Amino acid sequence: MRNMKYFILFSLLILLIISYKTYEQYKGIEYTQKLIVLKESESLANFISSFRQTYQDAFLNNNIDVDEKTIHLLPIKTISEISDRFSSSVQGDILIRTVSDRPRNIDNIANDFELDMIQYFRKHPNEKQKFLQKDDAFYYTQPLRIKESCLQCHGERENAILSIRDKYTNAYDYKLGEIHGLLNIKIKERDLFADMYADFTNTLISAIILYIVCLTMIYLLMQRIRRKDKKYAKKLEADINIKIDELKKQKEAFETLFEKSNDGVLILDDGKFIQCNENILKMLHYKSKKDLLNVSPSQLSPELQPDGRSSYEKAKEILSLAIKNNGHQFEWVHTKSNGEDFLVEVTLTPITLNNRKVFYVVWRDISDEKEAQIKLLEQKEILYHQAHHDALTGLPNRVLFNDRLEHGIELAKRNRTKFALFFIDLDYFKQINDSLGHQVGDKVLIAVTERLKAKIRKEDTLARLSGDEFTVIMEDINTIEDVSLLAQKIQKVLAQPIHIDGHTLYISCSMGISIYPKDCTAAKDLIKNADAAMYKAKQEGKNNFQFYSPEMTEFSLERMMMKNSLRQAIDDEEFIIHYQPQVDVNSGKLIGTEALIRWEHPTMGLLLPEKFLPLAKETALIVELDQWVMTKAMRQIYAWHEAGLNPGTLALNLSMRQLRNDDFIQIIQENIKIIGFKPEWLELEVNEGQIMEKPLESIAKLEQISKMGIKITIDDFGTGYSSLAYLKRLPVDKLKIDRSFVVGIPEDKEDMEIVKAIIALANSLGIEIVAEGVETAVQKNFLLESGCHYIQGHYYCEALSAEQIEKKCLGIK
């Protein structure tokens, strides 16, 4: 039956093709007929045009008069007669007419069709001919236009040839190019085309007969093939029945093994479970096979596997591996019907079942086995960690530290690099432990550990050897300056107050540093040298670091010499004051100056504060220096005011050691009185971190100063750890944004956000804000847009002497 349908469709397709080709051939005959007639018409038209022009030229060139004898030789007469004779010779199949809507000869009057064509060509002056089929004939029309030679007969009458003018009274006043008539060639359909259509009909009949014969032969052939197919199908059916019996036996054996298996077994077909055994129901806690087979495989797995990968994506990858390797075994976390996850070992094997490619899936529950392995591994890791780490801080202990140190030496030797060993001992830790107890002491050690971790790199090793002794192995160093920088960071972070159980505690550290391989190459010698350098730091007054290397020994000597010369420098008046302007960005006016001390050292030249102020703080000379700067700067500001100048407010840096002196308030009052200085001219800058060392004491002292009319500024704001609660209580008039945040603008987006936050905080508290270290227009514009109108820095002016300030900022020439 199916073959018969194909036969009918094939027959219809052949018939459709023959019909299309027949139609195409018929249209081709029609086109050929029209083309022949058109070319014939064009040839006749060209001939008549040439004949007409020849006769016309003969009359004009020879000045032949038109009379009763010669009139019949005119083109209009001869062409009509020739056309009639030619039409008679072809039995009227071809008729040629030259006509006009204003003829001189009544025989040449245009009929209705010809009049329509004359009007058509006048409306379409660009058309040169028109070819069309009408009824049983073809018509070729061509407009007759006035040429130069035509004007002698059809132009203005007074200019026409005398004989023409005398003979005719009409058909004058034509202009060059104007249509005065029409050439009309009519060609009837002839026997030639009838023969063509007869040939076409004969060809069509032959094709139909051939089509019927071919279809009959194909039909008979299909009947013969069909009989053979039936015979083959019967034989095939017998063979299939034999194979089915064999497959039934194999299926029974498979199903027996399938159900009897101790493991859970599933058949997976195109992403769906189509069969399962009883054990898998018990494993997954499903009541019936129907319940389980209606569940999507993805519902039997959590969203993520233990390695963090998506269960869905990982399953697709595993199925591909199973197909590629003809099987795959792996571990997988599945989910029971009660939502509990468990671990199974899965064996995935591609097989063919019922002529379909499916997966034979075997599950073996290994949860208990894996849990036992994990517990054993965890116990090993715990024991290892306890043996190699400090119980209190979790840091590597001496055993692991020694191992890391040996490993660091091997690595540095192989890569030809250097590393530094820090030996850190906490200052004053014993007093905390003795006075507040070991529990507080342990919390201090934990806090110190966290601060040290925050300052070292990932590749470095931090260890606790015992008590308050810590070590740092700083891998792969380039310069001594890198080591010094880390040591300074450690000093700074440990100097910040520690708040424990209501206590605010202060500690510092003494550090000794040895360098591999410069100092030595053996681990025990590196430890010994770092320990020795640490004791040297203790001897230097604690809260410092010392290198075991010769370079740093020279540095220590230099520091010692500078300490000794500080006292002499005060006596010899080697210190001078420079003033750096503070400017209102909106108006560009000077609002104040900050007094900055410089040391004109007799051998080292001009020294900046960072070179000698730390030493002054260690030797307590900082108080004397601060008082000297205060007195001298106040006298200078007073002198400028007396001279009628407006230097604005004087900003002085105030050390906490000076603030805590009992007579500090008295000293300020005496200077104001003796110098004649107004309190509103003075602004004291106090470091944020120093205030927070003893916040309650600082608040009390600063309130006394504020009541005197002196302004208070928090210097280096953002670098310390001030509490908002304390900040609200402080009598603060201004916050000063530290230069470390300004210098990163605009590259460092984090610094920009910090600056915005400080400005917003100051505005919310009603406190003025000034930014120091401004060096570029970009920094200035950013600060202005963010709401900070007062700036200080090299963008406007560097720190200058009093004489230079007078010339540059105060207008004295």
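Note that the coordinates shown come from a computational prediction; the quantities given were computed from them, not determined experimentally.

> I'd like a description of the pattern of salt bridges, backed by residues and values.
This model, assessed by the stated rule, comprises 28 salt bridges. Taking the shortest distance from any N to any O, the salt bridge between K39 and E42 comes out at 3.9 Å. Of this pair, K39 and E42 both sit in helix α1 (residues 2–61), 3 residues apart, which is roughly one turn of that helix. Residue classification places K39 among the partly exposed positions, given a relative accessible area of 48%.

> Could you give an account of the packing of helix α12 (residues 429–436) against helix α13 (residues 438–455), with specific residues and numbers?
Orientation of α12 relative to α13, taken along the N-to-C sense of each, is 145 degrees, at an axis distance of 7 Å. Counted together, F429, I432, N433 and L436 of α12 and H438, V440, G441, V444 and L445 of α13 form the full contact between these two elements. For the contact of α12 with α13, the residue count by class is 6 nonpolar, 3 polar and no charged.

> So what's going on with the sheet that holds strand β12 (residues 469–477)? Residues and values would help.
Sheet architecture is open: 5 strands sit in the order β11-β12-β10-β15-β16, paired in mixed fashion. What marks the edges here is a single partner per strand, and that holds for β11 (461–466) and β16 (545–547). Adjacent strand axes in the sheet meet at a mean angle of 20 degrees when their direction is disregarded. Summarising the sheet, β11 and β12 pair through 5 bridges and their orientation is antiparallel. Looking at β12, one finds that L462 is bridged to V472. Together, β10 (418–427), β12, β15 (508–516) and β16 form the strand contacts of helix α14 (residues 480–495), whose direction differs from that of β15 by roughly 160 degrees.

> Please give an account of α13 that cites residues and values.
The end-to-end C-alpha distance of α13, which contains 18 residues, comes to 26 Å, matching closely the 26 Å that a straight helix rising 1.5 Å per residue would cover. Turning to α13, its buried residues number three or more, namely V440, G441, V444, L445, V448, T449, R451 and L452.

> Describe unusual backbone geometry, and please don't skip the residues or the numbers.
The residue after Y516, namely P517, is reached through a cis peptide bond having omega 0 degrees. Examined against the element boundaries, P517 turns out to sit in the loop between β15 and α15 (523–539). Residue P746 is bonded to the preceding I745 through a cis peptide linkage, with omega at 5 degrees. Mapped onto the elements of the fold, P746 is located in the loop between α24 (739–742) and α25 (749–765). A positive phi angle, near 55 degrees, is found at D270, a position not held by glycine. Its place among the elements puts D270 in the loop between β5 (264–269) and β6 (272–276). Residue class for D270 comes out exposed when judged on its relative accessible area of 67%. With a phi angle near 65 degrees, K542 is a residue other than glycine that sits in the positive phi range.

Cut-offs used in this document
Residues numbered from 1 in each chain as written. Predicted model: local features only at pLDDT ≥ 70, side-chain atom pairs only at ≥ 80, totals over all residues. Heavy atoms only, no water. Salt bridge = Lys/Arg side-chain N within 4 Å of Asp/Glu carboxyl O. Helix = DSSP H or I, 4+ residues; strand = E, 2+ residues; numbered from the N terminus. Buried < 20%, exposed > 50% of the residue type's maximum accessible area, 1.4 Å probe, protein only. Axes fitted to C-alpha atoms, helices over the stretch in contact; angles between N-to-C directions. Contact = heavy atoms within 4.5 Å. Nonpolar A, V, L, I, M, F, W, Y, C, P; charged D, E, K, R; others polar. Pairing = 2+ DSSP bridges. Expected span 1.5 Å × (residues − 1).

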